[in-house]
Amino acid sequence: MILRLGSGWQTVTADLALILFLITAQASRGGPEAQPQVEPPVATSMIDAAGAGLAIYRPGPGTDLGEWLQATLTDDRQGATVVMRYPEGGRDEAFRSGSELLDAIAAQGSAARLLLEPGSRSESMVLVGYTGERADGTVLAERE
């Protein structure tokens, strides 16, 4: 006597999975092709070569540079870098704005450097990081 087994749950599940696959393939067949997103090139700067900043400040309404510097500059090896990016024809305005930020940092008793970079839009920020030199003139270990 030969017993014939009916279809089990595995067969039903496999049939349903195949049906779902065919429906999904048919639905995605006629859609518009997705355009690859091209990211704009990131401007590299001397900041990237010297190392990443520990903190970044972006001037704006309701922000106070002086309070931020007091909370952020906690080590005499740290220094501030003002980065000003400017579109074509905006170098003079970027220099003026950057100089104002340098004056505000100097009023807090800290020294800073100004870095002007051409870019696609106006952007300003203050980065705090290790500058490589202590206040007493001792140079930190340098990378090769």
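Calculation notes
- Here, residues in each chain are numbered from 1, in the same order as that chain's written sequence.
- Only residues with pLDDT of 70 or above have their local features reported here, since the model is predicted, and side-chain atom pairs are shown and tallied only from 80 upward, although totals for entire chains, interfaces and linings are computed over all residues.
- Derived side-chain values reflect all non-hydrogen atoms in the structure, with water molecules and hydrogen atoms excluded from consideration.
- In this description a helix means any DSSP run of H or I spanning at least four residues, a strand means any run of E spanning at least two, and both kinds are numbered starting from the N terminus.
- Should any heavy atoms of two residues lie within 4.5 Å, those residues are counted as being in contact.
- Patches draw on residues past 30% relative accessible area with no salt bridge. Two like charges within 9 Å are joined, as are two nonpolar side chains (Val, Leu, Ile, Met, Phe, Trp, Tyr) within 5 Å.
- Here the Shrake-Rupley method, with its probe set to 1.4 Å, supplies the accessible areas, and only the displayed protein chains count as covering residues.
- Any carboxyl oxygen of Asp or Glu that lies within 4 Å of a side-chain nitrogen of Lys or Arg is treated as forming a salt bridge with it.
- In this scheme, a helix's expected span is set at 1.5 Å multiplied by one less than its residue total.
- Relative accessibility decides the category of a residue: with a 1.4 Å probe and only protein chains considered, values under 20% of the type maximum give buried, values over 50% give exposed, and everything between is partly exposed.
- When we speak of the arc, we mean the arc of directions from the helix axis to the C-beta atoms.
- Aromatic rings from Phe, Tyr and Trp, taking only the six-membered ring of Trp, are treated as a pair when their centres fall within 6.5 Å; an angle between ring planes under 30 degrees marks them as stacked, one over 60 as edge-to-face, and anything in between as tilted.

Draft legend 1. Highlighting the environment of Ala80. Here Ala80 shows up in strand S2 (residues 78–86). Apart from the residues lying within four places of it in its own chain, the contact partners of Ala80 are Ile105, Ala111, Ala112, Arg113, Val126 and Leu127.

Draft legend 2. Structural view of a nonpolar patch on the surface. A cluster of nonpolar residues, Val12, Leu16, Ile19 and Ile23, forms a patch on the protein surface that exposes about 370 Å² of accessible area. Relative to the elements of secondary structure, Val12 occurs in helix H1 (residues 9–29).

Draft legend 3. Examining helix H4 (residues 91–107) more closely. The end-to-end C-alpha distance of H4 is 24 Å, a good match for the 24 Å that 17 residues give at a rise of 1.5 Å each. Of the residues making up H4, those classed as buried are Ala94, Gly98, Leu101 and Ile105. Angular distribution of buried residues about the axis of H4 spans 55°; they occupy a single face of the element. Residues of H4 that are exposed and point over 90 degrees away from its buried face: Asp92, Glu100, Asp103 and Ala107. Residues of H4 that are buried sit in contact with helix H3 (65–72), S2, strand S3 (112–118) and strand S4 (123–130). Once H4 finishes, Gly109 follows within two positions and takes phi at roughly 90°, a positive value.

Draft legend 4. The arrangement of the packing of aromatic side chains in detail. Tallied over the entire structure, the rule returns one aromatic pair. Aromatic pair Tyr57 and Trp68: ring centres 5.3 Å apart, planes at 35°, arrangement tilted. Taken together, the residues span a long stretch of sequence, with Tyr57 in strand S1 (residues 55–57) and Trp68 in helix H3 at a distance of 11 residues.

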